[in-house]
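Residues per chain are reported as follows:
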Amino acid sequence: MNTEKNIKTLIIKKPLKLDCGKTINNFPIAFETYGSLNDNKDNAILVFHALTGDQFVTGLNPVTKKDGWWSFAVGPDKAIDTNKYFVICSNVIGGCMGSYGPSHKDPETQKTFGTDFPVITINDMVNAQYNLLEHFGIDKLFAITGGSMGGMQVLQFITNFPDKAKTVIPIATTSSHSAQNIAFNELGRQAITADSNWKDGNYEANNTNPGKGLAVARMAAHITYLSKKGLQEKFGRKLQEREDLKFGFDADFQIESYLRYQGSVFVDRFDANSYLYITRAMDYFDLVKQFNGNLSDAFKNTKAKFFVISFTSDWLYPTQENKDIVIALNSIGADVGFVEIVSDKGHDSFLLDVPDFLNALKNFLDKSYTELNNEK
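Let us look at the structure shown here. Counting restarts for each chain: residues are numbered from 1 in the order of the written sequence. With the structure being a predicted model, the display of local features is reserved for residues of pLDDT at least 70 and the display and counting of side-chain atom pairs for 80 or more, all residues being used for whole-chain, interface and lining totals. Only heavy atoms go into the side-chain values, all of them from the structure, while hydrogens and water stay out.

**Some remarks on the overall build of the chain**
Note the cut-off: Numbering of helices and strands runs from the N terminus; a helix is a DSSP stretch of H or I covering at least four residues, while a strand is a stretch of E covering at least two. Only the C-alpha atoms count toward the radius of gyration. The rule for a globule is 2.2 Å times the residue count to the power 0.38. Note on contacts: a residue pair is in contact if any heavy atoms of the two residues lie within 4.5 Å. All accessible-area figures derive from a Shrake-Rupley calculation using a 1.4 Å probe, and residue coverage is judged against the displayed protein chains alone.
A tally of helices and strands in the chain yields 11 helices and 12 strands. Relative to a compact globule of 376 residues, whose C-alpha radius of gyration would be 21 Å, the chain shows 21 Å and is just as compact. Structurally, the chain occupies a C-alpha span of about 70 × 55 × 40 Å along its principal axes. Restricting to contacts in the chain with at least 6 residues of sequence separation, those with at least 24 account for 70%. Counting every atom, the chain has about 16,900 Å² of accessible surface; 49% of that belongs to carbon and sulfur.

In structure tokens:
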């Protein structure tokens, strides 16, 4: 995937020691910005993307030519109003949209890393992205936010840098993956590595592409982003443009055709090795373990204002896992708000046009921004 065009990159020259023990330096972080940084540099929002996202939050993605992944939420007069706020988003390290990842070349061998790229964690991703604050001369962010894996990064960021954000908005997320989530991710990884074109991760050197495996991985994951009720209402047992079963293995049902389409378009925009690395980082994330079994300790050094958002039909990161974060914050007397949004769209609700969610997000941000300005 050629991503060199239309991509802003920052070369991080200082060394970053990764959790796996290896150190990287002189590596690229790809990023995009929306809106303008004000004179006081106090209107910046750092957005963290989810597993298959990238730095192109809104507007037209110049690489894929599709709408940005959070176009419903970010833009002029939207929940995250780019007329008011300066939005920054970067592609995570390990990704495939310009940031340092397995599709980059090893400077020592001049060969594509593939699976020789070091295993990375959510902590590594966040520590790499912190360099963007120094790049823009921002002492303190107005807000940090993101959903799903983006929410994990939000939690890790405020843990690592407790005085660097005024408001913290984790959405549809968790402080650690359940066994079920690890199982779904492993299913995806096995689909990729079982593809004969994967070539032990060296498919680029072999001019092959494990597209079939990656498509299956995407199909399995996509099911977890939806809800049973939403799937039933949208597809049910409807047949695919025919009146009866074909008694074969083509896509008889509309849901089959839909999943196959999701898998096929994903292969065009995502790298298989990046999928392995990023899902592994999500599975390794365990904020409770980081703080010896006490999640509250992760947040004890911050004075930030929190707003945790979950969705009723999200069974990937159910409301209880979001509430556990709220409980941990309440136990140390943190300033925390919580809302569970009624939606039948499943985990993907945070990416879609769900008015109650978008209104709640906008109201919290705008009210918090007004309060902060009144304090000056």
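**Description of the pattern of salt bridges**
The cut-off we apply is this: For this document, the term salt bridge refers to a Lys or Arg side-chain nitrogen within 4 Å of an Asp or Glu carboxyl oxygen. Whether a residue is buried, partly exposed or exposed follows from its accessible area with a 1.4 Å probe, protein chains only, as a fraction of its type maximum: under 20%, in between, or over 50%, in that order.
The tally for this structure, following the rule as stated, stands at eight salt bridges. With its nearest N and O atoms 3.2 Å apart, the salt bridge here joins Asp-366 to Lys-84. With Asp-366 in helix 11 (residues 355-374) and Lys-84 in the loop between strand 7 (80-81) and strand 8 (86-90), this pair connects stretches of sequence that are 282 residues apart. You can call Lys-84 partly exposed: its relative accessible area is 29%.

**Comments concerning empty space enclosed by the protein**
What counts is decided by this rule: Lining residues are defined by having an atom within 4 Å of a point belonging to a cavity or pocket. Those points lie on a 1 Å grid over the protein atoms alone, cavities being sets where a 1.4 Å probe fits but cannot get out and pockets being open sets with protein on both sides within 12 Å along at least five of seven lines. Grid points are joined across faces, edges and corners, and a volume is the space filled by probe spheres set on the points. As a working rule, the residues Ala, Val, Leu, Ile, Met, Phe, Trp, Tyr, Cys and Pro are called nonpolar, Asp, Glu, Lys and Arg charged, and the rest polar, with Gly in that last group.
Overall, the coordinates contain one cavity of 30 Å³ or more when judged by the stated rule. Put simply, the largest cavity is a space of about 40 Å³. If you trace the largest cavity, you find it lined by Thr-52, Gly-53, Asp-54, Asn-91, Cys-96, Met-97, Arg-269 and Phe-270. Grouping the amino acids of the lining of the largest cavity by side-chain chemistry returns three nonpolar, three polar and two charged.

**A short note on unusual backbone geometry**
A positive phi angle, near 60°, is found at Gln-110, a position not held by glycine. Checked against the element boundaries, Gln-110 lands in the loop between strand 8 and helix 1 (122-129). Positive phi, normally seen in glycine, also occurs at Asn-292, with a value near 50°. With respect to the helices and strands, the residue Asn-292 is situated in the loop between helix 9 (287-290) and strand 11 (305-311). A relative accessible area of 76% means that Asn-292 is categorised as exposed.

**Describing the side chain of Ser-368**
Within the fold, Ser-368 resides in helix 11. Assessed through its relative accessible area of 2%, Ser-368 is described here as buried. When sequence neighbours within four positions are dropped, the list of residues in contact with Ser-368 reads Phe-142, Thr-167 and Lys-305.

**Focus on the pairing of strand 4 (residues 27-34)**
Put simply, the rule reads: One requirement defines pairing of two strands: DSSP has to find at least two bridges between them.
For strand 4, a buried count of eight out of eight residues is recorded, marking the element as mostly surrounded by other parts of the structure. A two-sided burial pattern is seen for strand 4, the buried positions comprising Phe-27, Ile-29, Phe-31 and Thr-33 on one face and Pro-28, Ala-30, Glu-32 and Tyr-34 on the other. Pairing of strand 4 with strand 8, which is carried by four bridges, proceeds in the antiparallel orientation. In the strand pairing of strand 8, Glu-32 is matched with Cys-89.

**Considering the packing of helix 4 (residues 179-193) against helix 5 (residues 211-225)**
Keep this limit in mind: Axis lines are fitted to C-alpha atoms, over the contacting stretch for helices. Their N-to-C directions set the angle, which ranges from 0 to 180 degrees. With respect to orientation, any angle under 35 degrees is reported as roughly parallel, any angle over 145 as roughly antiparallel, any angle of 65 to 115 as roughly perpendicular, and every other angle as oblique. A crossing counts as left-handed when the near helix is turned anticlockwise from the far one by less than a right angle, and as right-handed when that turn is clockwise.
Packing of helix 4 against helix 5 leaves a shortest axis separation of 7 Å and a crossing angle of 165°. Between helix 4 and helix 5, the interaxial angle falls into the category roughly antiparallel. For the crossing formed where helix 4 meets helix 5, the hand is right-handed. Taking contact as the criterion, the partners of Phe-184, Leu-187, Gly-188, Ala-191 and Ile-192 in helix 4 are, on helix 5, Gly-213, Leu-214, Val-216, Ala-217, Ala-220 and Thr-224. Of the residues that constitute the contact of helix 4 with helix 5, the class distribution is eight nonpolar, three polar and no charged.

**Some remarks on the nonpolar core**
The following threshold applies: What makes a nonpolar core is a set of buried Ala, Val, Leu, Ile, Met, Phe, Trp, Tyr and Cys residues whose side-chain atoms join them at distances within 4.5 Å.
Grouped together as the largest cluster of nonpolar side chains are 74 residues, with contacts concentrated most on Ile-144, Phe-157 and Phe-299. Sorting elements by how many residues they give to this core places helix 8 (residues 272-284) first, with seven residues. The next biggest cluster of nonpolar side chains, apart from the first, holds 37 residues, and it includes Ile-45, Val-47, Val-87 and Cys-89.

**Some points on the sheet that holds strand 1 (residues 8-12)**
Spatial strand order, 1-4-8-5-9-10-11-12: eight strands in an open sheet with mixed pairing. On the outer flanks of this sheet lie strand 1 and strand 12 (335-341), each paired with one strand and no other. Direction aside, neighbouring strands of the sheet carry axes that sit 20° apart on average. Docked against the sheet, helix 3 (residues 149-160) engages strand 5 (44-47), strand 9 (141-147), strand 10 (165-171) and strand 11, running at close to 145° with respect to strand 9.

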